[in-house]
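# Secondary and tertiary structure notes
For reference, the chains in residue letters:
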Amino acid sequence: MEKTTLIFVGIVACLASVASATSGIATFYTSYVPSACFGSTPQGNMIAAAGDALWNNGAVCGKTFTVTCTGPRNPVPHPCTGKSVTVKIVDHCPGCPSTIDLSREAFANIANPVAGIINIYYTQNWSSLEMQRRTDDV
């Protein structure tokens, strides 16, 4: 019985995550420090800068997002690799044409860097504490 319940909860969670995906645009950058969120402290390569629409006065600093390429925004045919990548927001990209400006390494995981700009779906990954807070607010 417990195994069936666990499988059901897993399926519902997956469906909820797909249903809550937001469409956007991704580009990439190559200079990672200093950053608006962490100054001169490096945060690795699976990182991103938030565009103005996502930035929210820095409220997304340190949050993680799963990003999936959904197609081209320019003539580069079939840029997507079919993979998703999880990135940590470490910086702000004011005035960027993109929702999320990925590190070059993160971008290369989900698309051919030659494309330069792609359509994406992204979802925020909620920690267990954030999930509890969201549940308490309902």
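The preceding data block contains the structure.
Residues numbered from 1 in each chain as written. Predicted model: local features only at pLDDT ≥ 70, side-chain atom pairs only at ≥ 80, totals over all residues. Heavy atoms only, no water.

### Structural notes on the pairing of strand E5 (residues 100-103)
The condition is simple: When DSSP finds at least two bridges between two strands, those strands are taken to pair. Helix and strand definitions here come from DSSP, where helices need a minimum of 4 consecutive H or I residues and strands a minimum of 2 consecutive E residues; each element is numbered from the N-terminal end.
Sheet topology places strand E1 (residues 22-29) next to E5; four bridges connect them, and they run parallel. Bridge pairing in E5 places Tyr-29 opposite Ser-103. Here strand E2 (residues 47-51) pairs with E5 via three bridges, running antiparallel. Among the inter-strand pairings, Ala-49 is bridged to a residue of E5, identified as Asp-101.

### Re the sheet that holds E1
Applied cut-off: Only the stretch in contact is used when fitting a helix axis, every axis being a line fitted to C-alpha atoms; angles between N-to-C directions are given from 0 to 180 degrees.
Around the barrel, which closes on itself, the six strands sit in the order E1-E5-E2-E4-E3-E6 with mixed pairing between neighbours. On average, each strand axis in the sheet is inclined to that of its neighbour by 50°, with strand direction left out of account.

### Section: the environment of Thr-86
Applied cut-off: We call a residue buried when its accessible area falls under 20% of the maximum for its residue type, exposed when it is over 50%, and partly exposed in between, using a 1.4 Å probe and counting protein chains only. Nitrogen and oxygen atoms within 3.5 Å of one another constitute a polar contact, given that in protein one can donate a hydrogen and the other can accept it, and given that sequence-neighbouring residues count only through two side-chain atoms.
Relative to the helices and strands, Thr-86 resides in strand E4 (residues 84-93). With a relative accessible area of 42%, Thr-86 lands in the partly exposed category. A C-alpha to C-alpha distance of 8.2 Å links Thr-86 and Ile-47, two positions 39 residues apart in sequence. Within polar-contact distance, the side chain of Thr-86 engages the side chain of Thr-66 at 3.2 Å.

### Some words on the packing of aromatic side chains
Put simply, the test is: Any two of the Phe, Tyr and Trp rings considered here, Trp counted by its six-membered ring, make a pair once their centres fall within 6.5 Å; the pair's planes then place it as stacked at under 30 degrees, edge-to-face at over 60, or tilted in between.
Enumeration over the complete set of coordinates arrives at three aromatic pairs. Plain terms: the ring middles of Phe-28 and Phe-107 are 5.0 Å apart, the flat faces sit at 50° to each other, and that makes the pair tilted. With Phe-28 in strand E1 and Phe-107 in helix H3 (residues 104-110), the pair connects residues that are 79 residues apart, well separated along the chain. A relative accessible area of 26% places Phe-28 in the partly exposed class. Classification of Phe-107 by relative accessible area gives buried; the value is 0%.

### Brief notes about the nonpolar core
What counts, and what does not: For this analysis, a nonpolar core means a set of buried residues of the types Ala, Val, Leu, Ile, Met, Phe, Trp, Tyr and Cys, connected via side-chain atoms within 4.5 Å. Note on definitions: a residue-residue contact is assigned when non-hydrogen atoms from the two residues lie within 4.5 Å.
Counting 24 residues, the largest nonpolar core has Val-67, Ile-100, Leu-102, Ile-110 and Ile-118 as the members making the most contacts within it. Elements supplying a minimum of two residues to this core: E2, helix H2 (52-55), strand E3 (64-72), E4, E5, H3 and strand E6 (118-125). Those residues within four positions of Leu-102 in sequence are excluded, and the remaining contacts are Ala-26, Thr-27, Phe-28, Tyr-29, Ile-47, Ala-48, Val-67, Val-87, Phe-107 and Ile-110. Ranked by size, the runner-up nonpolar core spans six residues in total, among them Tyr-29, Tyr-32, Ala-49 and Val-90.

### Things to note about the state of the cysteines
The criterion, for reference: What counts as a disulfide here is a pair of cysteine sulfur atoms lying within 2.5 Å.
Counting across every chain of the model gives three disulfides. One disulfide in the model links Cys-37 with Cys-61; its S-S distance is 2.0 Å. Given an S-S torsion of about -75°, the disulfide between Cys-37 and Cys-61 has left-handed geometry. Pair noted here: Cys-37 is in the loop between E1 and E2 and Cys-61 is in the loop between H2 and E3, with a separation of 24 residues, a long-range link.

Coordinates in, geometry out; function isn't part of it.
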